[in-house]
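# Working through the structure, step by step
Take a look at the letters that make up each chain.
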Amino acid sequence: MTSIASNLQIDSARLWETIHETAKFGATPKGGVRRLTLGPEDKEVRDWFRNACESAGLTVQVDALGSMFALRAGRDMSKPPIGLGSHLDTQPTGGKFDGVLGTLAALEVVRTLNDAGIETEIPLCIVNWTNEEGSRFAPAMMGSAAYVGDFTSDDILARKDIDGVTVAEALDSIGYRGNSPVGTQKFAGFVELHIEQGPILEADGKTIGVVDSGQGVLWYDGKITGFESHAGSTPMPLRRDALATLSEIVLAMERIATSHGPKAVGTVGEAVIANPSRNVIPGAVAFTVDCRSADAAIMDALDRELRAAIAGIAARRKVEVTLDLVWRKPPTHFDPKLVDAVEQAAQALGYAHRRITSGAGHDSCNLNTVMPAAMVFVPCKDGVSHNELEDATQGDCTAGANVLMHTVLALAGVAS
Ligand SMILES: [Zn+2]
């Protein structure tokens, strides 16, 4: 690599300014961002992003599900590009950094290379993946899941939000149903910068997380069927209480995940009593289960032990419990060569770094199933994310963007 390239640093002030400039699209009074995918605020940020990419000399394509691909030419255009980017949609009470940092840092990398007059050997392509958050439309990581073939475009286009609006209608309403079929843009590899969304880097005093793995995910929809009866006249031993059953299931989930800790988590995040009433013993309760681990054997154990515990609780309480599998995703092991490239970039730049597992799902976890992928994490304050209080320092964001740039330069090569 030329010495200009090896000493290159991104423009920290410019990156910070773009993060705050785009935070106005869907800004909330508490300093967060509400930018649901394919809504009016998402259109605003997409228009801003397309404009910024075109001003930086990139060619922007949009696929049939609205994911945006901004190509920067390389010397050898016969090769597929190195991809970099993340997502610009947020949770309903989201922050300024989740997804946004990775997408705008990718833009900053290109702006920095432009300013330095550096051409890469193979092209670069910035991506804004549609609907990473999964808040308005399920599934989460929708654009990248379709890209890797987990869902067909037609399946995704027919998905509806809570108001009955389909993905197709939402795309059309903001003018982002593109004409390139999903999967058209190929990549030699993909690198995503993201805030950690957890407390590990901050607690460990590290600036850069070299993400080598991502947790597998197991989601169930559960249903408990007991028997509704009078809260005053039904003796305790004769009850078939669905909510009391759920309380045992919640504690079983907690105990099982804790027993496999620290490499496992398990959560019952939703519970709905059918026809709730103060003086009726709950007869039917719906609930959800979310189990995660980066270790496939632990994932299997969580599943097995939870099912056994639930069977025991149901038999003892004479209720019926069903579990419907909603999603099962094996753990991600990011590409070793790309993970090494991230680590070497962090090392060469002199940032304190460590290997880390991603607790959350990311587009790169999907992408890693069809191409080499890796991620760079930076700390966020108190590990808080999916919250308007989400915060990260300018210094850490800058460090992450520099690691992203030098990883990408190492992978794409500098044209001499
Ligand atoms: Zn994200």
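Reference entry: report on the structure contained in this document. (Residues numbered from 1 in each chain as written. Predicted model: local features only at pLDDT ≥ 70, side-chain atom pairs only at ≥ 80, totals over all residues. Heavy atoms only, no water.)

### A word on the coordination of the zinc ion
Ideal geometry at a metal centre gives angles of 109.5 degrees when four donors are arranged tetrahedrally and 90 or 180 degrees when six donors are arranged octahedrally. Rule in force here: For Na, K and Ca the donor cut-off is 3.2 Å; for every other metal, N, O and S atoms count as donors within 2.8 Å. Water does not enter the count, which can leave sites looking incomplete. Here a strand is any run of E in DSSP of at least two residues, a helix any run of H or I of at least four, and the numbering for each starts at the N terminus. Exposure categories follow from relative accessible area, calculated using a 1.4 Å probe and restricted to protein chains: below 20% of the type maximum is buried, above 50% is exposed, and the middle band is partly exposed.
Taken together, His 87 (NE2), Asp 98 (OD) and His 194 (NE2) make up the full set of protein donors to the zinc ion, lying 2.0 to 2.2 Å away. Ordering the donors of the zinc ion by residue number gives the pattern H-x10-D-x95-H. Of this pair, His 87 sits in the loop between strand 3 (82–86) and helix 4 (100–116) while Asp 98 is found in the loop between strand 3 and helix 4, placing the two residues 11 residues apart along the sequence. We note that His 87, like Asp 98, is buried.

### What to know about helix 2 (residues 12–22)
What counts here: Starting at the helix axis, one direction is taken to each C-beta atom, and the arc is that of these directions. Pairs of N or O atoms are called polar contacts if they sit within 3.5 Å, as long as, within protein, a hydrogen donor faces a hydrogen acceptor (for residues adjacent in sequence, only side-chain-to-side-chain pairs).
Among all positions in helix 2, only Leu 15, Thr 18, Ile 19 and Thr 22 are buried. Along helix 2, the residues classed as buried sweep out an arc of 100° about the axis, all on the same side. At the N-terminal end of helix 2, a side-chain oxygen is found 3.2 Å from the backbone nitrogen of Ala 13, two or three residues along, and the residue is Asp 11.

### Section: the nonpolar core
For clarity, the threshold we go by: Throughout this description, the term nonpolar core refers to a set of buried Ala, Val, Leu, Ile, Met, Phe, Trp, Tyr and Cys residues connected via side-chain atoms within 4.5 Å. Residue contacts are counted whenever heavy atoms from the two residues lie within 4.5 Å of one another.
In terms of nonpolar packing, the biggest core is built from 92 residues, with Ile 126 and Ile 208 touching the most fellow members. Those residues in contact with Ile 126, other than ones at most four positions away along the chain, are Phe 49, Leu 58, Met 68, Phe 69, Ala 70, Leu 84, Thr 103, Ala 106, Leu 107 and Val 110. Core analysis: the next-biggest nonpolar cluster, separate from the first, contains 26 residues, Ala 242, Met 299, Ile 313 and Val 321 among them.

### Some thoughts on the state of the cysteines
To keep things clear, this is the line we draw: In what follows, a disulfide is any cysteine sulfur pair within 2.5 Å.
If you walk through the whole model with that rule in mind, you get 0 disulfides. Just so you know, Cys 125 is unpaired, no disulfide at all, and the nearest cysteine sulfur is the one on Cys 53, 9.2 Å from it. Free of any disulfide, Cys 397 has its nearest cysteine sulfur in Cys 380, 9.8 Å distant. For Cys 397, a relative accessible area of 0% gives the class buried.

### With respect to the pairing of strand 2 (residues 68–72)
The line we're drawing: By this definition, two strands are paired if DSSP reports at least two bridges between them.
Extensive coverage of strand 2 is indicated by the burial of 4 of its 5 residues. Bridge count for strand 1 (residues 59–62) against strand 2 is 4 bridges, and the pairing is antiparallel. Each residue of the ladder has a partner; that of Gln 61, found in strand 2, is Phe 69. Turn length for the strand 1-strand 2 hairpin, with the two strands adjacent in sequence and antiparallel, is 5 residues, and the turn residue Gly 66 shows positive phi of about 90°. Taken together, the 5 bridges between strand 2 and strand 4 (residues 124–128) define a ladder with antiparallel strand orientation. Bridging across to strand 4, Met 68 finds its partner in Asn 128.

### Quick word on the environment of Gly 175
Relative to the elements of secondary structure, Gly 175 occurs in the loop between helix 7 (167–174) and strand 5 (189–195). Relative accessible area serves as the criterion here: at 52%, Gly 175 is assigned to the exposed category. Considered as a pair, Gly 175 and Asp 154 are 21 residues apart in the sequence and their alpha carbons are 18 Å apart.

### Things to note about the pattern of salt bridges
Worth spelling out the cut-off: Basic side-chain nitrogens of Lys or Arg form a salt bridge, by our definition, when they fall within 4 Å of a carboxyl oxygen of Asp or Glu.
Applying the stated rule across the entire model yields 21 salt bridges. When the shortest N-O distance is used, the salt bridge between Asp 382 and Lys 381 registers 3.6 Å. We classify Asp 382 as exposed; its relative accessible area is 51%. Using a relative accessible area of 46% as the deciding quantity, one classes Lys 381 as partly exposed. Within this structure, Asp 212, Asp 340, Glu 343 and Arg 355 form a network of salt bridges that share partners.

### A few points about the pairing of strand 6 (residues 208–214)
Strand 6 sits mainly inside the fold: 6 of its 7 residues count as buried. Across 6 bridges, the pairing between strand 6 and strand 15 (residues 353–358) is parallel. Within strand 15, the position partnered with Val 210 by the bridge is Arg 355. Two strands pair when backbone bridges link them, and strand 6 and strand 16 (residues 373–378) are joined in this way by 3 bridges, in the antiparallel orientation. Bridging across to strand 16, Gly 209 finds its partner in Phe 377. The sheet contact formed by strand 6 and strand 14 (residues 332–333) spans 2 bridges and is antiparallel. The partner of Ser 213 across the bridge, within strand 14, is His 333.

### Considering the side chain of Arg 111
Let me state the cut-off plainly: Lys and Arg are tallied as positive, Asp and Glu as negative. Neither His nor the chain termini are counted.
Inspection of the secondary structure puts Arg 111 in helix 4. Although Arg 111 is buried, it forms no salt bridge, and the closest oppositely charged side chain is Glu 108 at an N-O distance of 4.7 Å. If near-sequence neighbours (up to four positions away) are discounted, Arg 111 is found in contact with Arg 14, Thr 18 and Ala 52.

### What about the packing of helix 2 against helix 13 (residues 394–412)?
Just so we agree on the cut-off: Axis angles are defined between N-to-C directions and span 0 to 180 degrees, where every axis is a line fitted to C-alpha atoms and, for a helix, only to the segment in contact. Here is the rule for angles: anything less than 35 degrees is roughly parallel, anything more than 145 is roughly antiparallel, 65 through 115 is roughly perpendicular, and the remaining ranges are oblique. Polar here means any residue other than Ala, Val, Leu, Ile, Met, Phe, Trp, Tyr, Cys and Pro, which are nonpolar, and Asp, Glu, Lys and Arg, which are charged; Gly is therefore polar.
Contact geometry for helix 2 and helix 13: axes closest at 10 Å, N-to-C directions at 110°. Accordingly, the angle class assigned to the pair helix 2 and helix 13 is roughly perpendicular. Here Ser 12, Ala 13, Leu 15 and Trp 16 of helix 2 come into contact with helix 13, specifically with Gln 394, Cys 397, Thr 398 and Ala 401. Residue composition of the contact of helix 2 with helix 13, grouped by class: 5 nonpolar, 3 polar and no charged.

### Some remarks on the environment of Gly 31
Residue placement: Gly 31 occurs in the loop between helix 2 and helix 3 (40–55). Through-space distance from the C-alpha of Gly 31 to that of Ala 73 is 37 Å; in sequence the pair is 42 residues apart.

### As for the environment of Ile 82
Checked against the element boundaries, Ile 82 lands in strand 3. By relative accessible area, Ile 82 is classed as buried at 4%. Spatially, the C-alpha atom of Ile 82 lies 9.8 Å from that of Ala 373, the residues being 291 residues apart in sequence. With sequence-adjacent residues up to four places away left out, Ile 82 is seen in contact with Ile 122, Pro 123, Leu 124, Cys 125, Phe 187, Ala 188, Gly 189, Val 408, Leu 411 and Ala 412.

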